[in-house]
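Commentary on secondary and tertiary structure
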Amino acid sequence: MSIQTVGIIGAGTMGNGIAQVCAQSGLNVVMIDVAQAAVDKGLATIAGSFDRLIKKDKLTVPEKEAALARIQAGTDYAALAACPLVIEAATENEGLKRKILAQLDALLPAEAIIATNTSSISITKLAAATSRPDRFIGMHFFNPVPMMALVEIIRGLATSDATHDAVKAMAEALGKTPISVKNAPGFVVNRILIPMINEAFFVLAEGAATAEDIDAGMKLGCNQPIGPLALADMIGLDVCLAVMEVYVNEFADSKYRPAPLLKEMVAAGWLGRKTGRGVYRY
């Protein structure tokens, strides 16, 4: 199955990042969001990202213009009808995703593949919102999408080999490195990463070290590009807490209990970069 056009639901951080790499790789893109303001912001973000690549001599002006011309953006789902693959990249909310997926399922031809960019919700459960669980799959990109090489390809219980192989090949065509993952809470990367971040909050609360020293220790001692607490601020403390709550509920294992300090900071509205304050001030 050759995929030349990709539909994307969501023009936010993940959606516009996916749209950028698809268009830059020569694919036609249909990017949809619920509000025109969100669509315009997404397009502006893509253009700005291209401008930064031009300044670094990694992209030419004609290449930028050609890539932008390959992106069709708007608010009408009907524009997705001819897409052989649609990637849902909406907010990480199961109810919202199921509603979107059911709408897509009714719109798309029977042979089309639906992928979700979820970072924690069961692929099997989301697939059940459609009539094509064999052509439903997880395609988890990492933020920032244009820079991060990894894509987790997650199979639900009914995902077919043909669907897996087509989506894996498409990820490789984007210059990404896909890994194949079975459906499980947090999949692979976040299953390891978010509990590590949670443990950093336990260490901080115990007063074993300052936030700065915890982050410096993990950067210099484990060769991580960013410390776990600074990364939590980047991801959003509310997102980290929500993922930990999924783990403790799904696994029924106390080792996944969210750190009390993390819960308290979320309750205070200190969510990280997006609110100007988290572990650090911005």
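Not measured: the values here are computed from a predicted model.

Another aspect to go through is the overall build of the protein. The helix and strand tally for the protein stands at 11 helices and eight strands. What you see for the protein is a C-alpha radius of gyration of 19 Å, in line with the 19 Å of a compact globule of 282 residues. In terms of principal-axis extent, the alpha carbons of the protein reach across some 55 × 45 × 30 Å. Within the protein, buried positions represent 46% of all 282 residues.

Our next topic: the layout of surface pockets. Looking at the second largest pocket, its volume works out to about 670 Å³. Lining the second largest pocket are 28 residues, and of these Q20, S49, R52, P144 and P146 lie nearest its centre. At seven residues, the largest contribution of residues to the lining of the second largest pocket is made by helix α2 (residues 36-55). Among the residues forming the lining of the second largest pocket, the class breakdown is 10 nonpolar, 12 polar and six charged.

We now examine the pairing of strand β1 (residues 5-9). Across the five residues of β1, four count as buried, placing the element largely inside the fold. Taken together, the five bridges between β1 and strand β2 (residues 28-32) define a ladder with parallel strand orientation. Looking at the pairing, I8 lines up with M31 of β2. This β-α-β element, β1 to helix α1 (residues 13-24) to β2, shows right-handed connectivity. Pairing of β1 with strand β4 (residues 85-88) involves four bridges; the strand directions are parallel.

Take the nonpolar core next. Core analysis: the biggest nonpolar cluster contains 35 residues, and V6, I87, M139, F141 and M170 have the highest contact counts within it. The element contributing the most residues to this core is α1, with six residues. Those residues in contact with M139, other than ones at most four positions away along the chain, are I87, A115, T116, N117, V151, E152, I153, I154, V167, M170 and A171. With 26 residues, the next largest nonpolar core counts A200, A211, V243 and Y256 among its residues.

With that settled, the discussion passes to unusual backbone geometry. Residue N143 is joined to P144 through a cis peptide bond whose omega torsion reads 0°. Looking at the element boundaries, P144 is found in the loop between β6 (136-141) and β7 (150-155). In this structure, F187 is a non-glycine residue whose phi angle is positive, near 60°. With respect to the helices and strands, the residue F187 is situated in the loop between β8 (177-182) and α7 (189-206). We note that N223 has phi near 60°; this positive angle belongs to a residue other than glycine.

Summarising the element assignment, G217 is placed in helix α8 (residues 211-222). Residue classification places G217 among the partly exposed residues on the basis of a relative accessible area of 40%. In the structure, G217 is positioned 11 residues away from P228 in sequence and 9.9 Å away in space, judged by C-alpha atoms.

Our next topic: the UniProt feature "domain: 3-hydroxyacyl-CoA dehydrogenase C-terminal" (unreviewed entry) in the protein. As annotated by UniProt and renumbered to match this structure, "domain: 3-hydroxyacyl-CoA dehydrogenase C-terminal" (unreviewed entry) occupies residues 186-282. Structurally, residues 186-282 is divided into 63% helix and 0% strand, and its ends, taken at the C-alpha atoms, are 28 Å apart.

What follows is about the UniProt feature "domain: 3-hydroxyacyl-CoA dehydrogenase NAD binding" (unreviewed entry) in the protein. Feature annotation in UniProt places "domain: 3-hydroxyacyl-CoA dehydrogenase NAD binding" (unreviewed entry) on residues 5-183, given in this structure's numbering. Secondary structure content for residues 5-183 is 41% helix and 22% strand, while the C-alpha to C-alpha distance between its ends is 26 Å.

This brings us to a positive patch on the surface. A contiguous patch of positive charge, built from R52, K55, K56 and K58, is present on the exposed surface. Among the structural elements, R52 can be located in helix α2.

Inspection of the secondary structure puts T159 in the loop between β7 and α6 (161-173). Residue class for T159 comes out buried when judged on its relative accessible area of 7%. In this structure the side chain of T159 is engaged in a polar contact, spanning 2.7 Å, whose partner is the backbone oxygen of F136. Apart from the residues within four sequence positions on either side, T159 is in contact with P133, D134, F136, I137 and H164.

Conventions used here
- Residues numbered from 1 in each chain as written.
- Predicted model: local features only at pLDDT ≥ 70, side-chain atom pairs only at ≥ 80, totals over all residues.
- Heavy atoms only, no water.
- Helix = DSSP H or I, 4+ residues; strand = E, 2+ residues; numbered from the N terminus.
- Rg over C-alpha atoms; globule rule 2.2 N^0.38 Å.
- Buried < 20%, exposed > 50% of the residue type's maximum accessible area, 1.4 Å probe, protein only.
- 1 Å grid on protein atoms, 1.4 Å probe; cavity = no way out; pocket = protein on both sides within 12 Å on 5 of 7 lines; lining within 4 Å.
- Points joined across faces, edges and corners; volume = space filled by probe spheres on them.
- Nonpolar A, V, L, I, M, F, W, Y, C, P; charged D, E, K, R; others polar.
- Pairing = 2+ DSSP bridges.
- Right-handed = clockwise from strand over helix to strand, strands pointing away.
- Core = buried A, V, L, I, M, F, W, Y, C linked by side-chain atoms within 4.5 Å.
- Contact = heavy atoms within 4.5 Å.
- UniProt positions renumbered as here; feature names shortened; annotations may be inferred.
- Patch = residues over 30% accessible without salt bridge, like charges linked within 9 Å, V, L, I, M, F, W, Y side chains within 5 Å.
- Areas by Shrake-Rupley, 256 points an atom, 1.4 Å probe, with all protein chains shown as cover.
- Salt bridge = Lys/Arg side-chain N within 4 Å of Asp/Glu carboxyl O.
- Lys, Arg positive; Asp, Glu negative; His and termini not counted.
- Charge placed at Lys NZ, Arg CZ, Asp CG, Glu CD.
- Polar contact = N/O pair within 3.5 Å; in protein donor to acceptor, adjacent residues only side chain to side chain.

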